[in-house]
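# Coordinate inspection notes
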Amino acid sequence: MIGVIGGSGLYKLEGFEIVKKLKVRTPFGEPSSEVVIVKVGDRELAFISRHGEGHVYPPHLVPYRANLWALRELGVNRVLAVSAVGGINRTFKPGDFVVIDDLLDLTKNRKDTFYEGKFSLPVDGNDKVAKLLKEGKVVHIDASQLYCPQMRSLLFEVLEDLKLSYHPSGVYACTEGPRFETPAEIRAIERLGSDVVGMTGYPEVVLARELTMCYASVCVVANPAAGIAGYRLTSDEVISLMKEKEQEIGKLIVEFIKRLPENRTCGCDRILDGAEV
Ligand code: HPA
């Protein structure tokens, strides 16, 4: 099954047929929302609202591990993440979609692994992930291709067909938040090679990959990053842009799910080969 994690402004999937809503408990705590199973054609997807109903989890307190573990429990092996970002690259305009291809982690204080060696939490299951956790293994996953190439190419195809303005690659810098960045921070992040900035892309992607899931991130540029447009940033601007894009995001998700091949041909499922010490 495919999981969709919705960010700011995307708290539920409007117009989708709801099959059921599940309260999932995990060894890593409660996820940020119920998992809503919705029908898309003859397929189902599992939706989680990253910030929870009523936007109650700020970026630094989102229970990222519980969210990913809840999706795993439901059999999700591919995650499509939708997020709002600030645009740093001057060719990225508000309203543009960006299919992320790399990451710069600038967060400070987040649990960003399931694999804590002898301190790992015992979990149920018989697959490789469960075995590594039960055996208390130390695991270093490769991060040279975090974002699934198969999902990314399908995103290009769908964005193209829907005639949406998009950028096929972009480096995502993840800051700790919850405050927006300073202009000096944005200038520094730009020099470090990032195109967009957000507060939630990390550790979500890495946690999904640790569970051998495919992960793709499609971002919407909600505002020019601090100091670029020369006016102050507000959450209102971010949320209202995301509301404007809601229908387009819905169409993108539907087309994406319909066209996603059953089989994973990307190799993302082999990430744990050779990763344990
Ligand atoms: N900075 C960080 N996160 C964001 C921004 C931003 O400018 N816009 C939307 N999410």
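All figures in this text were calculated on a predicted structure; none of them were measured in a lab.

Here the idea is plain: a probe the size of a water molecule rolls over the atoms and shows the empty space left. For the largest pocket, the calculated volume is near 400 Å³. Contributing to the lining of the largest pocket are 24 residues, with S8, P59, F180, M199 and V238 lying nearest its centre. At the level of secondary structure, the elements contributing two or more residues to the lining of the largest pocket comprise strand 5 (78-87), strand 10 (196-198) and helix 6 (235-244). Each residue belonging to the lining of the largest pocket can be placed in one class, and the counts come to 13 nonpolar, 9 polar and 2 charged. Space inside the second largest pocket adds up to approximately 310 Å³. As for the second largest pocket, its lining consists of 15 residues, of which Y11, K12, K21, V36 and E53 are closest to the centre. Counting residues per element, the ones that place at least two in the lining of the second largest pocket are strand 2 (17-22), strand 3 (35-40) and strand 4 (43-49). Residues of the lining of the second largest pocket, tallied by class, amount to 7 nonpolar, 4 polar and 4 charged.

Before going further, it helps to examine the packing of aromatic side chains. Applying the stated rule across the entire model yields 5 aromatic pairs. Ring centres of F28 and W69 lie 5.2 Å apart, and the angle between their planes is 55 degrees; this geometry places the pair in the tilted category. With F28 in the loop between strand 2 and strand 3 and W69 in helix 1 (residues 64-73), this residue pair connects regions lying 41 residues apart in the sequence. Across this residue pair, the class does not change: F28 and W69 are buried. Plain terms: the ring middles of F28 and F114 are 5.0 Å apart, the flat faces sit at 75 degrees to each other, and that makes the pair edge-to-face. With a gap of 86 residues between them, F28 in the loop between strand 2 and strand 3 and F114 in the loop between strand 7 (102-106) and helix 2 (128-134) connect regions that are remote in the sequence. With respect to burial, F28 and F114 carry one shared label: buried. Following the ring pairs from residue to residue traces out a cluster consisting of F28, W69 and F114. Stacked on the ring of W69, the Lys or Arg R72 has its end atom at 4.5 Å from the ring centre.

The buried fraction of strand 9 (residues 171-175) is high, at 4 of 5 residues. For strand 7 and strand 9, the ladder comprises 5 bridges, and the chain directions are parallel. Within strand 9, the position partnered with D105 by the bridge is C174. Direction of pairing for strand 9 relative to strand 10: parallel, over a ladder of 3 bridges. Within strand 10, the position partnered with Y172 by the bridge is V196. Note on the crossover from strand 9 through helix 4 (residues 183-191) to strand 10: the handedness is right-handed.

Procedures and definitions
- Sequence order as written defines the numbering, with residues in each chain counted from 1.
- Where local features are concerned, this predicted model is filtered to residues with pLDDT of at least 70; where side-chain atom pairs are given and counted, the filter is 80 or more; whole-chain, interface and lining totals use all residues.
- Side-chain numbers here rest on the full set of heavy atoms in the structure, without hydrogens or water.
- Of the grid points, spaced at 1 Å and generated over the protein atoms alone, those admitting a 1.4 Å probe that cannot get out make up cavities, while open sets with protein on both sides within 12 Å along at least five of seven lines make up pockets; any residue with an atom within 4 Å of a point is treated as lining.
- Grid points are joined across faces, edges and corners, and a volume is the space filled by probe spheres set on the points.
- Helical segments are the DSSP runs of H or I of at least four residues, strand segments are the runs of E of at least two, and each set is numbered from the N terminus.
- All residues other than Ala, Val, Leu, Ile, Met, Phe, Trp, Tyr, Cys, Pro, Asp, Glu, Lys and Arg, Gly among them, are scored as polar; the first ten of these are nonpolar and the last four charged.
- Note on aromatic pairs: the rings of Phe, Tyr and Trp (six-membered ring only in Trp) are paired at centre separations within 6.5 Å, and the planes decide the class, stacked below 30 degrees, edge-to-face beyond 60, tilted for the rest.
- For each residue, the accessible area found with a 1.4 Å probe, counting protein chains only, is set against the maximum for its type, and the residue is called buried under 20%, exposed over 50%, and partly exposed in between.
- Charge-over-ring contacts are defined here by two conditions on Lys NZ or Arg CZ: a distance within 6 Å of the ring centre and an angle within 35 degrees of the ring normal.
- When DSSP locates at least two bridges between a pair of strands, those strands are taken to pair.
- Seen with its strands pointing away from the viewer, a crossover is right-handed if its path from the first strand over the helix to the second goes clockwise.

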